[in-house]
Amino acid sequence: MAPINVTDINENKAYVPAKKALPEVETESANGNEKCKGYSYETLLETANFLLSRITIQPRIGIICGSGMGSYWNEGSLAESIQDGVCIPYEDIPNFPVSTVEGHHGRLVFGKIEGAPVVAMQGRFHYYEGYPLWKCCLPVRVMKLIGVKTLIATNAAGGLNPDYKIGDLMIVKDHINMMGFAGNNPLHGPNDERFGPRFPPMNKAYNYEHRKIAKEVAKELNINNMVREGVYTCLGGPNFETVAELKMLKMVGVDAVGMSTVHEVITARHCDMKVFGLSLITNECVTSYDHDMEANHEEVLDVGRMRQDILRKYVSRLVDRFSQIEPESP
Ligand SMILES: O=P(O)(O)O[C@@H]1C[C@H](O)[C@@H](CO)O1
Ligand SMILES: Nc1nc2[nH]cnc2c(=O)[nH]1
């Protein structure tokens, strides 16, 4: 098969360079003490073309595996359900960051789920690892350039809604961009219109049709008693929340709290990808001072392990259904 390249994929549009190419863009961030540096469109094209030169499939669906959901040791995990997988470690990919968190293996897996071509991030990048938000989201733009139309972003999250139990799954209906309130946004800095508009709307961030399908599939698999729908928020981490912080988040309507996803979704919507978000509730967010329990990452990973079978079946069925509403070729 002839190698694929980015221009073949992106609606067969010939590549037209911007009037003034934005190379590595450097600006002061909102708080003034951190450089905000973004990779240019051309740099990410190089990354995309590198990946396309190593694969023979054209993934239409991209998956980000949350903490404990795509680990190497996690046989039977979400990432392991990919057939005929071609694995590319992040350190081999030009311009890619590397994963530093336990439970995030650090490679892209290209292959098929239920016959549908996919690419999965077996390990994501977090702000608390020291990466600026634009860098955490760089793989989303690369996915876009290789032809991905739908992003499935999964995460581990603390359950703040008192009805939620550990091990429940939450279809993300909406998010609150807490870090964005303070001016920290993955789209901060100069905008390249080839990715998307300067002021993207965000009121339809999580695709309605995909959420509807996810509720139908939950019924088909008889897991609807553990599948919820709610509002997610991301805090910068790496510490878990104080009681007062959780009380505040509860008051403003947050159902689950994590340290990722929001900025990835903003980046994906900016470049017009459809988004489906799924949280695994790995721990209870404690909103009382006389509670013994303390959140910890081991518990988060344990619950990921405990729920890996269900997650794998659920996401596989979702990929199957989502791929049926995406046209096969560009
Ligand atoms: O990558 P996700 O958002 O799934 O990981 C969550 C947030 C922290 O990275 C970690 C805390 O245990 O889990
Ligand atoms: N911020 C945050 N992230 C999480 N990831 C998994 N559980 C939690 C939690 O309780 N809080």
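Residues numbered from 1 in each chain as written. Chains lettered and ligands numbered in written order. Predicted model: local features only at pLDDT ≥ 70, side-chain atom pairs only at ≥ 80, totals over all residues.

Taking an unreviewed UniProt entry as the reference, the protein chain is identified by name as Purine nucleoside phosphorylase belonging to Manduca sexta. Regarding the protein chain, the relevant UniProt record gives this comment under Sequence similarities (unreviewed entry): "Belongs to the PNP/MTAP phosphorylase family." Regarding the protein chain, the UniProt comment filed under Pathway (unreviewed entry) reads as follows: "Purine metabolism; purine nucleoside salvage." (UniProt positions renumbered as here; feature names shortened; annotations may be inferred.)

A. Representation of the site of ligand 1 in the model. Gly66, Ser67, Met259, Ser260 and Val300 are the nearest of the 13 residues found near ligand 1. Elements represented by at least two residues in the shell around ligand 1 include exactly strand E7 (150-159) and helix H9 (297-306). Residue classes in the shell around ligand 1 are distributed as four nonpolar, eight polar and one charged. (Near = placed C-beta within 6 Å. Helix = DSSP H or I, 4+ residues; strand = E, 2+ residues; numbered from the N terminus. Nonpolar A, V, L, I, M, F, W, Y, C, P; charged D, E, K, R; others polar.)

B. Expanded view of the site of ligand 2. As a structural note, the neighbourhood of ligand 2 is formed by 15 residues, with Ala156, Gly158, Val257, Gly258 and Val300 the closest of them. Looking at the shell around ligand 2, the elements that each hand over two or more residues are E7, strand E10 (256-258) and strand E11 (274-284). The biggest single contributor to the shell around ligand 2 is E7, with three residues. Class assignment for the residues of the shell around ligand 2 results in nine nonpolar, five polar and one charged.

C. Region of interest: unusual backbone geometry. The omega torsion across Gly237 and Pro238 is 5 degrees, close enough to zero to call that bond cis. Here Pro238 shows up in the loop between strand E9 (227-234) and helix H7 (243-251). The residue Asn95 is not glycine, and still its phi comes out positive at about 70 degrees. Along the chain, Asn95 falls in the loop between strand E4 (83-89) and strand E5 (107-113). Since 13 C-beta atoms lie within 10 Å of it, Asn95 is described here as partly exposed. (Buried ≥ 20, exposed ≤ 12 C-beta atoms within 10 Å, placed from the backbone.)

D. Main features of the pairing of E5. By the criterion of burial, E5 is predominantly enclosed, with six of the seven residues buried. Bridge analysis of E4 against E5 gives five bridges, and the strand direction is antiparallel. Along E5, the bridge assignment pairs Val86 with Phe110. Where E5 folds back onto strand E6 (residues 116-122) in an antiparallel hairpin, the turn is made up of two residues, including Glu114, whose phi is positive at roughly 50 degrees. (Pairing = 2+ DSSP bridges.)

E. View of the packing of helix H2 (residues 41-52) against helix H4 (residues 138-145). Packing of H2 against H4 brings their axes to within 9 Å, and their N-to-C directions diverge by 65 degrees. For the crossing formed where H2 meets H4, the hand is right-handed. Contacts between H2 and H4 involve Leu44, Leu45, Thr47, Ala48 and Leu51 from the former and Arg141, Val142 and Leu145 from the latter. In terms of residue class, the contact of H2 with H4 is built from six nonpolar, one polar and one charged. (Axes fitted to C-alpha atoms, helices over the stretch in contact; angles between N-to-C directions. Left-handed = near helix turned anticlockwise from the far one by under 90°. Contact = placed C-beta atoms within 7 Å.)

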